[in-house]
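# Chains, contacts and geometry: an overview
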Amino acid sequence: MCFTKDRDQAHGQAESLLNKYSPSAIVFIEKVGANIKGEYHTMKGLNVSKNHAKIDILALKAIERSIAVIGIGDGGNEVGMGVLEDVVRRKVPYGNECTCPCKGGIACHTPCSSLIVSTTSNWGTYILIAGLSIIAKKVSTTLT
Ligand SMILES: [Zn+2]
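### Side note on the overall build of the protein chain
From N to C terminus, the protein chain includes four helices and three strands. Whereas a compact globule of 144 residues would reach a radius of gyration of roughly 15 Å, the protein chain reaches 16 Å, a difference of no more than 12%. Principal axes of the C-alpha set define a box for the protein chain whose edges measure 55 × 35 × 25 Å. Counting only residues that meet the buried cut, the protein chain has 35% of its 144 residues in that class. Contacts in the protein chain between residues at least 24 apart in sequence constitute 70% of all its contacts with a sequence separation of at least 6.

Next comes the structure, spelled out in structure tokens:
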């Protein structure tokens, strides 16, 4: 499913998706989110706003509706990392100052209700899936 790159259209599309699917949770995996100035960046501090889906609007709308938003990230510029924005600004290269004219840094401003930080986002996702599988009793919890 595509999501718009237009910030104004993103609000309507997010509302439409939430109304249509009524999710109990949404998971954002390694998805770049906007910084405090509404700009999107790579880990190298490059601005990719022009070509990036404004999907973090979906996270904000979901939080407004008390829908669980799980963010999985590894660098600090991903949706959900807003809960650690101050840490990203202090500890991550380009966290506080990007290389584009916005100078807002790569630190994502969009929060989440549960954040998984991992060395590689895929690994964090594996942990989430493993945990859910255990809860759903799809895998054995005993070692043999
Ligand atoms: Zn910037």
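### A closer look at helix H2 (residues 56–64)
Looking at H2, one finds that the buried residues are Asp56, Ile57, Leu58, Ala59 and Ala62. Taken together, the buried residues of H2 touch helix H1 (7–21), strand S1 (25–29) and strand S2 (68–73). Phi turns positive one or two residues past the end of H2, at serine 66, with a value near 60°.

### Some remarks on the pairing of strand S3 (residues 114–117)
Consecutive side chains of a regular strand alternate in pointing toward one face of the sheet and then the other. Where S2 meets S3, four bridges bridge the pair, whose relative direction is parallel. Along S3, the bridge assignment pairs glycine 71 with leucine 115.

Definitions and limits used
- Residues numbered from 1 in each chain as written.
- Predicted model: local features only at pLDDT ≥ 70, side-chain atom pairs only at ≥ 80, totals over all residues.
- Helix = DSSP H or I, 4+ residues; strand = E, 2+ residues; numbered from the N terminus.
- Rg over C-alpha atoms; globule rule 2.2 N^0.38 Å.
- Buried ≥ 20, exposed ≤ 12 C-beta atoms within 10 Å, placed from the backbone.
- Contact = placed C-beta atoms within 7 Å.
- Pairing = 2+ DSSP bridges.

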